[in-house]
Every structure is written in structure tokens, then in C-alpha cells.
Amino acid sequence: MTREFRLRYAPSPTGHLHIGGARTALFNYLYARRNGGKFIVRIEDTDQTRNVENAAEKQMENLKWLGVDWDESMDIGGPYAPYRQMERLDIYRGYIDQLLAEGKAYYCYATKEELDAEREEQIARNETPKIAEHHRHVTPEQKAQYEAEGRTPSVHFLVPEGRSYVVNDSIRGEVTFDTSDMGDFVICRPDGIPTYNFAVVIDDYLMKISHVVRGEEHLSNTPRQLMIYEAFGWEAPQFAHLALILNQEGKKMSKRDESIIQFIEQYRDLGFLPEAIVNFLVLLGWSPGGEEEIFSKEQIIDIFSLERVNKSPAVFDSTKMNWMNNHYLKAKPLELITDMCIPHLQKAGFIEENLSEAGYERVKGIVGLYQEQMSYCAQIVPLSALFFLDEVVYDEEAVAVLTEPQVPEVLASFKKHLEEQGEYTVETIKASLKAVQKETGHKGKALFMPVRVATTGQAHGRDLDQSLYLIGREQVLTRLERVISERQGA
Ligand code: GLU
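A quick note: this is a predicted structure, and the numbers were derived from the prediction, not measured.

What counts as what
- Residues numbered from 1 in each chain as written.
- Predicted model: local features only at pLDDT ≥ 70, side-chain atom pairs only at ≥ 80, totals over all residues.
- Heavy atoms only, no water.
- 1 Å grid on protein atoms, 1.4 Å probe; cavity = no way out; pocket = protein on both sides within 12 Å on 5 of 7 lines; lining within 4 Å.
- Points joined across faces, edges and corners; volume = space filled by probe spheres on them.
- Helix = DSSP H or I, 4+ residues; strand = E, 2+ residues; numbered from the N terminus.
- Nonpolar A, V, L, I, M, F, W, Y, C, P; charged D, E, K, R; others polar.
- Phe/Tyr/Trp six-rings, centres within 6.5 Å; stacked < 30°, edge-to-face > 60°.
- Buried < 20%, exposed > 50% of the residue type's maximum accessible area, 1.4 Å probe, protein only.
- Lys NZ or Arg CZ within 6 Å of the ring centre and 35° of its normal.
- Contact = heavy atoms within 4.5 Å.

1. Side note on empty space enclosed by the protein
Tallying each qualifying case throughout the model produces 1 cavity of 30 Å³ or more. When its volume is computed, the largest cavity comes out at roughly 40 Å³. Taken together, Tyr370, Leu386, Phe387, Arg452, Thr456, Gln458, His460, Gly461, Arg462 and Ser467 make up the lining of the largest cavity. If you list the elements that add at least two residues to the lining of the largest cavity, you get α15 (380–388) and α18 (445–456). A class-by-class count of the residues in the lining of the largest cavity yields 3 nonpolar, 5 polar and 2 charged.

Have a look at this one:
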């Protein structure tokens, strides 16, 4: 019988969902779905010093927003619950005791500070740092003395000597690790809480995980995990380690680098679409072959394989991310993009909390002017400021247009015709512009540019009639008047 595909994403709740974590989750999810298997989210929170409150819940919320949904986790349960490691301490205890009883692990009474100091001395002597032999064998007298001193032991795994462990990795092939470079490692801290390397093995085994797809930074942990599988006589899952994500300078992406937007929540807040992020993330290391780059999640599920995951690092290109999102934004219904833009306009103070129907229609019209060109919805704020602010910001180059000789006449004529119209609609605006042409004899650029610059401050923009309509009658007349009187004063 072939094993069921069971993959997991196992974040430590140390912060927001990062691009790298989201990619790992996505690849596990896609591979599970591709093979009709299960996708599990497990929270690895045994390093309590690093835990951040609510980080697990938030990460899961953002995964869900991306459309990466799971079959088992702490929120919906599942056959191998609980899915949060701090709720599984009793389970680990049994396995720790088993290793202790079998002599495959031992209590170590040295403090972290003592071990660190010994390690430094070894490094200074040019030796490979390893736990000193005397910690491995503690006599009953020493044990009694340590306990009298109030020491509580940690549990160390006894690393087999002179062995090599081969990680058979779906992406990078066989990677061999020699135990001569490895010291006995802690599997349970003095407070009774197991370390990552131990808990991960117990859980992957008990949860019947078939494939472990995770970041390259965990590759060096894998031989230690293999030792634990071996100690229990368990079969290890198939491993696949994803190459790093580099920034555009070719350096490892650092979470502290504020020049790159790195957290899914930030993209969400800026008005990116989940399908664009998923499409972008999947190309960070996986290549479909061929030129096509646009894939829906369903299409990717049909063709995803670990064989097409790249061994070499992926480069995070934010321009491409913007391009990708623009591609998806353009194709969406205007109403949806309007709804995504509204919170940004509210935050900027451009519109009120409760929009009237007419107000909504106006905003929709304005968003419609820019839907094609926006990379993400927050950009609507600078793009649309000219529709909401009384003060026109004149582009320095554009403003030269207003010094041309025909300008006062053209603007005054346009203003007059607009005022004469009973209604203010795109049609009456068009008719007024035509009337200016007839009256003044100016046409084309000589006519449209002064009108555009005087009312928008810019030499280029979206459709002029529509823009004038959406700026609104009163504002347009005020802006025209302002330029006319400035020219008269000059
Ligand atoms: N908890 C680990 C992390 O957040 C994941 C390790 C794993 O996938 O095995 O990096």
C-alpha cells in the first residue's frame, strides 16, 4: 500500500507570516493537494522565549486569506490532535523516558553557561566543539551532589560516534553529514520542555507525515532528526529543503531589511490580491517550464512537483510582485477594487466613513480611472489626491503650459460655457470644450493642455472629460478661476 501524502507547515509562532514561511506553507499545501493528500498546520511553540502572543492565530488567518487551507490544525482539530506542541508535553515525556531507559539519551547537569564556556575553550584549542565525556557519565554520588546544589538536568541525545547520516533530499539529492562534527544535543530542557529537534520528530512520526518540505536553514538539523528516527526504529519522512530567498543584491533576505516588504499582512494591508501573491510565491523556486508565468492556484495544483523546484536560491523581485498584482487587479470587477481602495481613501481623510450612494459612485469612477495602472490599492491615494483635495499640486514642468499666450482666453471661455450648462455631466463637459474650440479657434493641445493643467496640476492623466466630471463642477470652476486671475495679475 502506498503511503498517504501528508504534509505539514509547522511554524514557530515568533512573528508575522513571512514571505519565506508563506512559500514553505504553499509548497507543502500544493504538493499535498497535487497528490490528493492532507495538509496540516502544526504550531511549534516549545521555544517559549521566542513565542509572540497570537502569532500562531494571525499566521493562520493570513494563510487562510492566501487560500492555503488545511485539513487538520488547532482550530479544526483532526485525528492527531492536539496540533500545538505545548499541548503535547505529556506525549514527548514518554518518548524522552524511553530514550533515557535505553541509554540513548542521558541527563546532563551542566548549566548552559558551563557548556558554552567549555565550547569556547574547545574552539580556542582548534577542536571541534563537543560535549565533554564526563557529562555523559554521572555517578550516583555526583548526581546526588548536583541535585543538592539545586541543579535540574537537561536531557541530551547521545550522538552515535563515527557515523554518517545521509539526507535523501528531493531537491538537492543526497547530502551526507558526519557525526564527528556533531556534539550531543539537548532534546529536553531543564524545565521539561523538549527542543525543536526532538518534538518535530515525534510529531512528524505520530502525525504520519510523509514529506517534510521546509527551508534550507533546517537542512543541518535533519541529520539530528534522522538519529532520533533511528533511535526509535522509525522510518523518516521524505525531506525536501527549499533554497534561500535572496534580495535583489543577491544577499540573504533579512527580516530587518525594511526596504523590502516581507510580511503577508503588509501586502494585504497595501491592497494586494491573494491570488497574485500565491502566483508570485510559487515562482520563487518552482518553475513550470516554458514562458508562461500566470497561473491560478488550481492550475498550479494540476502541475506542481518537487522535481521542478530549483536547487539554487530564488531572488525576490518586488517589481515583479507589483507587476503580478497589477495583472490580477486589472482583471477584477471594478466594484471589488473600489471596495479595496475605500479604506485607503478613508485613512487618507479623502472620504468619509459612511459614503452616500452618489459618493460611492464617484469613488468608483475615480478608481476606474486608475484600475489599469495601479500595482496595489494603496496607490490610489497619491493617484487620486487631485480629486479630493482643494489645493492643486502643480507639477513643475506642467505649469509652464499655463504661461502660453492663449491660456487666459481658453480658460475663461471654458469656464463661461460650463457655467451656462444646466447640468454637469461628461456630455456637457464635452460640449463645452467643443464650444471653446469654436469660439476661440484653439484646438488640440493648445486647448486641452491648459484645461488639464489648470484643473489637475498635471500634464498627463486619465481621460480628461471623465476627470473633469469626477473632480466636480465647483472645484473645476474654482481651479479655472484661480489660474485666470493669476494670469490677469501677472
Ligand atoms: N518550527 C520550524 C520553523 O518555524 C519549522 C521546522 C520544520 O518545518 O521542521 O522554522
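2. Focus on the packing of aromatic side chains
Counted according to the given criterion, the structure contains 19 aromatic pairs. Centroid distance Tyr29 to Phe39: 5.8 Å. Interplanar angle 85 degrees. Geometry classified as edge-to-face. Taken together, the residues Tyr29 in helix α1 (residues 19–34) and Phe39 in strand β2 (residues 38–41) connect sequence positions 10 residues apart. Here Tyr29 matches Phe39 in class, with each residue buried. Taken together, the ring pairs connect Phe5, Phe27, Tyr31, Trp286, Phe295 and Phe304 into an aromatic cluster. Directly above the aromatic system of Phe27 lies the positively charged group of Arg23, at a separation of 5.9 Å from the ring centroid.

3. A short note on the environment of Arg452
Tracing the chain through its elements places Arg452 in helix α18. Classification of Arg452 as buried rests on a relative accessible area of 13%. Distance from Arg452 to Glu114, taken between C-alpha atoms, is 75 Å for residues 338 residues apart in sequence. Those residues in contact with Arg452, other than ones at most four positions away along the chain, are Gly457, Gln458, Ala459, His460, Gly461, Arg462, Asp463 and Leu464.

Nothing here speaks to function; it is geometry throughout.
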